[in-house]
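Summary of the model geometry
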Amino acid sequence: MSKIVVRGGNELKGEVNISTAKNSVLPIIAGCILSGGKCIIDDAPMLEDVFVISDVLRTICAGIDINRSSNRIIIDSSNIEECDPSSDLVKKMRASFLIMGPMISRFGKFKLSLPGGCNIGTRPIDLHLKGFSALGAEVNVGHGYVEAYAKKLIGSKIYLDFPSVGATENIMMAAVMAEGETIIENAAEEPEIEDLGRFLNSMGANVIGAGSDTVRIIGVKNLKGTRHKPICDRIEAGTFMIAAAITRSKIKINGINEEHLKPIIAKLTETGVKIKVNGDSMIVDGTGRLKPVDIKTMPYPGFPTDMQSQMTALLCTIQGTSIVTETIFENRFMHATEMKRMGANIKIDGRSAVIEGVDRLTGAEVRATDLRAGAALILCGLSAEGETQVTDIYHVDRGYVDIEKKLQGLGADIERVE
Ligand code: EPZ
């Protein structure tokens, strides 16, 4: 098992290039199933989660060619059969459930292992299944599996009780070849949904309003292969913005989309970080005195839950009281226990964390409990006095390409130890 060792205190300088978005490329890889032909994904992030969902597609006989040097993925879905993908792969990563919508759209029936929960919450799929049922599928759940069967999918109006990202994506993909029009109301508005809509339309679908709270899908007869480059990863960009802030440094971040970063830019500016955007690059200057702020995670365009643990790390180093409220997942403060081992002063009260900034965190051996918690602990290590060892780093590799190399490039004293 590898771990990341950080010796804190270095000022960061120079520039870093952001990869394309994990949470965009995963639904897009699943969506390739719909084409029945060849799709090419350019500039794909070479991440563990991308390899896992590719293996899931291989178990249903898709041809996948991943070229790690050119970051290109070629997916051939012409020979896909409707068979049961390996349940342990699906359990390994809940995003694999995103193949359900494409498979029932293309084959009219599919059986899949129920996705596991994970450390941050139970993560139910009731809204996904509500959407499939509304489109006329017969959905049965039992013995750890979910099975959907539909002679024909018929367009329908679906209201999501919660703007679930995955449910919006799965229902969009189930509806693209349904008969008639589907309207998803109270849909998730994340930029990755808009990117999926663009991808589906490039295959010949007719999706209108993806990225807004109402998505209309007018069914078409069939779809064809396409070529697509995913959007940049706003969460990776946000993580590096906080790397600059937590080390009180000034760095340049390339390959960003300002629109997608608005909630993060607004909140960091409130702390006193100076941010200057120029096209698809930004200068992040955390060298001044920073102020405590309150955070409340919300569906997009609110402050993203995937930035909550990284922001908590920063607030632990800012004098004064900050309050972080996590409204999306029921158990996303596990990083607090680990940060307290580094001297952080955090009190968890239900869905909120009350943070008293300390002069300096101290290095310690800590454990990554989930993808973003692991990234947040690395950020703490960049600022802490002494050496921090972050174990269970496989969590971080699910969502960050070469995080230690990118931080080394900025002057951090950090290495991966097998
Ligand atoms: C996506 O997960 C992201 N993953 C998550 O990123 C992200 O945290 C989350 O959206 C919220 O933005 C991918 O895109 C692969 P949800 P998803 O469905 O789709 C409840 C990361 O770190 N819910 O929007 O699973 C659910 O319990 C990961 O990159 C239902 O109640 O998130 C949760 O409280 C972590 N019923 C809330 O909605 C459902 O049927 C948000 O879940 C579905 C969800």
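Anyway, here's the lowdown on the structure attached to this text. Please read these numbers as outputs of a predicted model, since none were measured by experiment.

Quick notes on the rules
- Residues numbered from 1 in each chain as written.
- Predicted model: local features only at pLDDT ≥ 70, side-chain atom pairs only at ≥ 80, totals over all residues.
- Heavy atoms only, no water.
- Buried < 20%, exposed > 50% of the residue type's maximum accessible area, 1.4 Å probe, protein only.
- Helix = DSSP H or I, 4+ residues; strand = E, 2+ residues; numbered from the N terminus.
- Pairing = 2+ DSSP bridges.
- Right-handed = clockwise from strand over helix to strand, strands pointing away.
- Contact = heavy atoms within 4.5 Å.
- Salt bridge = Lys/Arg side-chain N within 4 Å of Asp/Glu carboxyl O.
- Phe/Tyr/Trp six-rings, centres within 6.5 Å; stacked < 30°, edge-to-face > 60°.
- Lys NZ or Arg CZ within 6 Å of the ring centre and 35° of its normal.

1. Remarks on the pairing of strand E22 (residues 387–391)
Regular strands place side chains that alternate from one sheet face to the opposite one. The buried fraction of E22 is high, at four of five residues. Of the strand pairs in this sheet, strand E1 (residues 3–7) and E22 are connected by four bridges, and their pairing is antiparallel. Considered in E22, the bridge of arginine 7 is made with glutamate 387. Pairing analysis gives three bridges linking strand E21 (residues 365–367) to E22, with the strands arranged parallel. Residue pairing for E22: arginine 367 is matched across the bridge by threonine 391. For the segment spanning E21, helix H12 (residues 371–383) and E22, crossover handedness is right-handed.

2. Digging into helix H5 (residues 126–134)
Of the residues making up H5, those classed as buried are Leu127, His128, Leu129, Gly131 and Phe132. Here the buried face of H5 lies against helix H4 (100–107), strand E7 (138–142), strand E8 (145–149), strand E9 (157–159) and helix H6 (165–175).

3. Structural notes on the side chain of lysine 22
Tracing the sequence through the fold places lysine 22 in helix H1 (residues 22–31). Take lysine 22: its relative accessible area is 7%, and that puts it in the buried class. Not counting residues within four places of it along the chain, the set of residues in contact with lysine 22 comprises Pro45, Leu47, Asp49, Asp233, Leu371, Arg372, Arg398 and Gly399.

4. Structural notes on the pattern of salt bridges
Using the criterion set out here, one finds 23 salt bridges in the structure. Measuring nitrogen to oxygen at the nearest pair gives 3.1 Å for the salt bridge that ties arginine 416 to glutamate 404. One end of the pair, arginine 416, is in strand E23 (residues 413–417); the other, glutamate 404, is in helix H14 (residues 403–409), with 12 residues separating them in the sequence. Take arginine 416: its relative accessible area is 25%, and that puts it in the partly exposed class. Residues joined by salt bridges that share partners form a network here, namely Arg7, Glu387, Asp413 and Glu415.

5. Section: the packing of aromatic side chains
All told, the structure shown has zero aromatic pairs when counted by the stated rule. Over the face of the ring belonging to phenylalanine 51 we find arginine 68, whose NZ or CZ atom lies 4.0 Å from the ring centre. The ring of tyrosine 145 carries the charged tip of lysine 111 above its face, separated from the ring centre by 4.7 Å.

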